[in-house]
Amino acid sequence: MGEETLHLPLFESKEARGRNMYKLFALTVLVGICLIWLYRLINMPSRGETGRLAWMLLFLAELSFGFYWIITQSARWHVIYQYPFKDRLSLRYNKEKLPGVDIFVCTADPIMEPPTLVINTVLSVMSYNYPPENLSVYLSDDGASQFTFYALLEASRFSRYWIPFCKRFSIELRSPAAYFEHDACNLNDTSEVFAQQWFDTKKLYEDMKTRIEAAIESGSIPNEIKAQHKRFSEWNSKVTKQDHQSIVQILIDGRNHNMTDVDGNRLPTLVYMSREKKPNCPHNFKAGSMNSLIRVSSQISNAPIILNLDCDMYSNDPDAIQEALCFFMDKNQGHKIAYVQHPHRYYNATKNDIYGNAVRVTHDIELAGIGGYGAALYCGTGCFHRRESLCGRKFSEDQTIEWTNDKEEKSTDKTAEELEEASEVVANCSYEEGTQWGKQMGLMYGYPVEDIITGLTIQCRGWKSVYYNPSKPAFLGLAPTILDVALVQHKRWSEGMFQIFLSKYCPFIYGHGKIKLGAQMGYCIYLLWPLVSVPTLTYVLVPSLSLLHGTPLFPKVSSLWFLPFAYVSIAKFAYSLAEAISCGDTPKSWWNLQRMWMIRRTTSYFFAFIDVVSKQLGLSQTSFALTTKVVEDDVQRRYEQEIMEFGNSSVMFTITATLALLNLISFIWGIKKLFMVATLGVENVVSQVILCGLIVLVNVPVYEALFFRRDKGSFPSSVLFRSVILVSMACLLPAF
């Protein structure tokens, strides 16, 4: 290898094209927003005049929208894309010089997160194209389920066949379930040897899956299996999900040269962990689980690089580790980087993304824009960490980086049983008492979105972070297929983020002087989701109610003041559509996302706003809602057909139906006035009719579920009844 190649960077950063043109466009939108504010101020109705309150509410809503739009520009001002050179990495470092990597997979409930789903994620990361002696995989089971343990035990045995099969035939998709589902049709074009091994490996997988599912269905582990492994004795009548001892089991000891696959190659270390839980001891949800994994892994492998994944997010690229290492091991910039965050991609997203799960613009542009300030958000999964930064160390320019893993040498004189015993001590719930865990070390406690606040505190200790969005997704997860589940998930996220904004960790306060202003603003794009729900509700409610009373709230179409309203609206929607299409969305998926933004803001984010305010007043406590990964067949079928699921009487659905009905009635009333009443004042309400019409158009699937559909995914009659009552009451309100 030449001297020149030795000093070439392992990655490069490139700014997105067209940013100067975008800045000019954004300036014209800003001028339009300022003119809208000016119009509201100089045309404010006099005290006592009808419509004054509605006018003021819209003015406050437009002020909020305008300032929020300014904040969102931080994510589009300096969009940076990263490009690693893994070929240079392989030339520069042989496998003896590559660092150890510890992979954390977290699960919390065997019912909502089936063990077969979990082990597919585990098997996908065990199969990386990476030296197995440098790879350790840890499963944290916060549900303390013997079925999850049994599934992992079965996976450890199946890995002896699966890993060599993947490497022998250069299989790209290394989740067995995903691979066998997608690649069955290609067997006719392959060799006889491959086809035979494909069938043999698939049969082994199906047999394993059948045994696991049979054990879960019967409610017990077969006695012959229990007799083979002593640790099943840990699960007795006293063990519950919220009350149990620490359990750490090394299922594959990567130090043992005799633990090999069927081709005689070493296997990566595989560890099961269920940390101790007691009813009166706070367990701090996923953050507590991750911190236990950090400590347990430090006793066993102590790799300098950590990858953490949710149990439903399997590896989609066998070379993902090498690509991430390009950032950490670059000679000029690598020592500054604390973590490398990948985007959330989903393997079950539909073509037109009915629930707006993919949010491609967020992943392709916004998060890359925030990453351009060296402050990529930590999003909780699909993230490679430098262990020392995660454990609370401050960045220093003169610190030395040691990639060699000396923990393996230190632990060679300890048996697996001794390592398990030492690990169980650090997994006890009393271990953190009087320490900095959850405060200055590990993931932060006290917030439902422990990932966001942890990333912020790491950056404020001087570290940089990288957002890497590869052309081939490194990880693929499971998107919600039920609207109610998606809304609950967003409520949890937005609630936690708004708590951060109102705390001492508000980026404008905590990050002042530590991270760039653009990064501070970038964080607040998401931290302010619940706050934006209030002006959104105002814009959905006030114009429609005022239209019913004939109260104009916008300038006449013939007035020059109409131009800034029209320009800002058309420019923002047109640019949003163009941006979405450039990121791979279809026009219909963009339209579906507009619907989902409105539903989220008027339900999930609004309830999150109320809950956070209640917590600030001491009226409630932080909770964590786990979303299910299991759906019924008819629900799955409707999801694949892109039919929205409204099949329960959730309060959120009542609000959605009420707002849709109110705007439908107002729109019909407005159209009647426009075409049947020849009065001079009609021109004043054209804008309100257009606004209500747009809301009606975006709610077409809601009306279908209310009036036309007869499947189980339609609205229950109780939701329709409550909505009609609420709309009737709203229509009787006096003009304001």
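Residues numbered from 1 in each chain as written. Predicted model: local features only at pLDDT ≥ 70, side-chain atom pairs only at ≥ 80, totals over all residues. Heavy atoms only, no water.

Colleague: Could you give an account of the sheet that holds strand 11 (residues 464-467), with specific residues and numbers?
Modeller: If you walk across this open sheet you meet the 8 strands as 5-6-4-3-7-10-9-11, and the pairing is mixed. One side of each edge strand has no neighbouring strand; the edge strands of this open sheet are strand 5 (247-252) and strand 11. Ignoring strand direction, the axes of neighbouring strands in this sheet form an average angle of 20°. The pairing of strand 3 (residues 101-107) with strand 7 (residues 305-310) spans 6 bridges and is classified as parallel. Note on strand 7: the bridge partner recorded for valine 105 is leucine 309. (Pairing = 2+ DSSP bridges. Helix = DSSP H or I, 4+ residues; strand = E, 2+ residues; numbered from the N terminus. Axes fitted to C-alpha atoms, helices over the stretch in contact; angles between N-to-C directions.)

Colleague: Could you give me a rundown of the pairing of strand 4 (residues 135-141), with the residues and numbers involved?
Modeller: Note on strand geometry: in a regular strand, side chains alternate between the two faces of the sheet. In terms of residue burial, strand 4 counts as a mostly covered element, since 7 of its 7 residues are buried. By the alternation rule, side chains of strand 4 split into Leu135, Val137, Leu139 and Asp141 and Ser136, Tyr138 and Ser140, which are all buried. Summarising the sheet, strand 3 and strand 4 pair through 7 bridges and their orientation is parallel. Bridge pairing in strand 4 links isoleucine 103 to valine 137. Taking the sense of rotation as the criterion, the β-α-β connection linking strand 3, helix 6 (residues 115-126) and strand 4 turns out right-handed. Relative to strand 6 (residues 269-274), strand 4 runs parallel, the two being bridged by 5 bridges. Looking across to strand 6, one finds that leucine 139 is bridged to tyrosine 272. (Buried < 20%, exposed > 50% of the residue type's maximum accessible area, 1.4 Å probe, protein only. Right-handed = clockwise from strand over helix to strand, strands pointing away.)

Colleague: Which residues make up the nonpolar core, and what values go with them?
Modeller: Counting 76 residues, the largest nonpolar core has Ile103, Tyr128, Tyr179 and Phe384 as the members making the most contacts within it. Looking at this core, the element that brings in the most residues is helix 7 (residues 146-168), giving 12 residues. Residues within four places of tyrosine 179 in sequence aside, it is in contact with Trp162, Phe165, Ile171, Leu173, Phe194 and Trp198. (Core = buried A, V, L, I, M, F, W, Y, C linked by side-chain atoms within 4.5 Å. Contact = heavy atoms within 4.5 Å.)

Colleague: Describe the packing of helix 26 (residues 651-676) against helix 29 (residues 717-731), with residues and values.
Modeller: Orientation of helix 26 relative to helix 29, taken along the N-to-C sense of each, is 50°, at an axis distance of 8 Å. Considered as vectors, helix 26 and helix 29 are oriented oblique to each other. At the point where helix 26 passes helix 29, the crossing takes the right-handed sense. Residues Phe653, Thr654, Ala657, Thr658, Leu661, Leu662 and Ile665 of helix 26 form the contact with helix 29, whose own contacting residues are Val719, Leu720, Arg722, Ser723, Val724, Leu726, Val727 and Cys731. Partitioned by chemical class, the residues of the contact of helix 26 with helix 29 number 11 nonpolar, 3 polar and 1 charged. (Parallel < 35°, antiparallel > 145°, perpendicular 65-115°, else oblique. Left-handed = near helix turned anticlockwise from the far one by under 90°. Nonpolar A, V, L, I, M, F, W, Y, C, P; charged D, E, K, R; others polar.)

Colleague: Lay out the packing of aromatic side chains in plain terms, naming residues and giving numbers.
Modeller: The description of an aromatic ring pair uses the distance of the two centres, along with the angle that the planes make with each other. Tallied over the entire structure, the rule returns 52 aromatic pairs. Look at phenylalanine 158 and tyrosine 205: their rings are 5.9 Å apart centre to centre, the planes differ by 50°, and that puts the pair in the tilted class. One end of the pair, phenylalanine 158, is in helix 7; the other, tyrosine 205, is in helix 9 (residues 192-218), with 47 residues separating them in the sequence. Residue class for phenylalanine 158 comes out buried when judged on its relative accessible area of 4%. (Phe/Tyr/Trp six-rings, centres within 6.5 Å; stacked < 30°, edge-to-face > 60°.)

Colleague: Lay out unusual backbone geometry with the relevant residues and their values.
Modeller: Here asparagine 302, not a glycine, exhibits a phi torsion of approximately 55°, which is positive. Following the sequence through the fold, asparagine 302 ends up in the loop between helix 11 (285-300) and strand 7. In the Ramachandran plot, valine 359 falls in the positive-phi region, its phi being about 35° despite a non-glycine side chain. Mapped onto the fold, valine 359 is located in the loop between strand 9 (337-341) and helix 13 (360-371). For valine 359, a relative accessible area of 17% puts it in the buried group.

Colleague: How would you summarise helix 23 (residues 587-602) if you had to cite specific residues and measurements?
Modeller: The first and last C-alpha atoms of helix 23 sit 23 Å apart over 16 residues, in line with the 22 Å expected at 1.5 Å per residue. Three or more residues of helix 23 are buried, namely Ser589, Trp590, Asn592, Leu593, Gln594, Arg595, Met596, Met598, Ile599, Arg600 and Thr602. (Expected span 1.5 Å × (residues − 1).)

Colleague: Provide a residue-level description of the pattern of salt bridges, including the pertinent values.
Modeller: Following the criterion strictly, the structure yields 32 salt bridges and no others. With a shortest N-O distance of 3.2 Å, lysine 86 and aspartate 319 are connected by a salt bridge. Taken together, the positions of lysine 86 in helix 5 (residues 86-92) and aspartate 319 in the loop between strand 8 (314-315) and helix 12 (320-328) put the pair 233 residues apart, joining distant regions of the chain. By relative accessible area, which is 29% here, lysine 86 ends up partly exposed. Put simply, Arg231, Glu234, Glu420 and Glu424 are held in one network by salt bridges that share partners. (Salt bridge = Lys/Arg side-chain N within 4 Å of Asp/Glu carboxyl O.)

Colleague: Can you explain the side chain of asparagine 352? Please cite residues and give values.
Modeller: Tracing the backbone through its elements, the reader meets asparagine 352 in the loop between strand 9 and helix 13. When near neighbours in sequence (up to four residues on either side) are disregarded, asparagine 352 contacts Thr586, Lys588, Ser589, Asn592 and Glu642.

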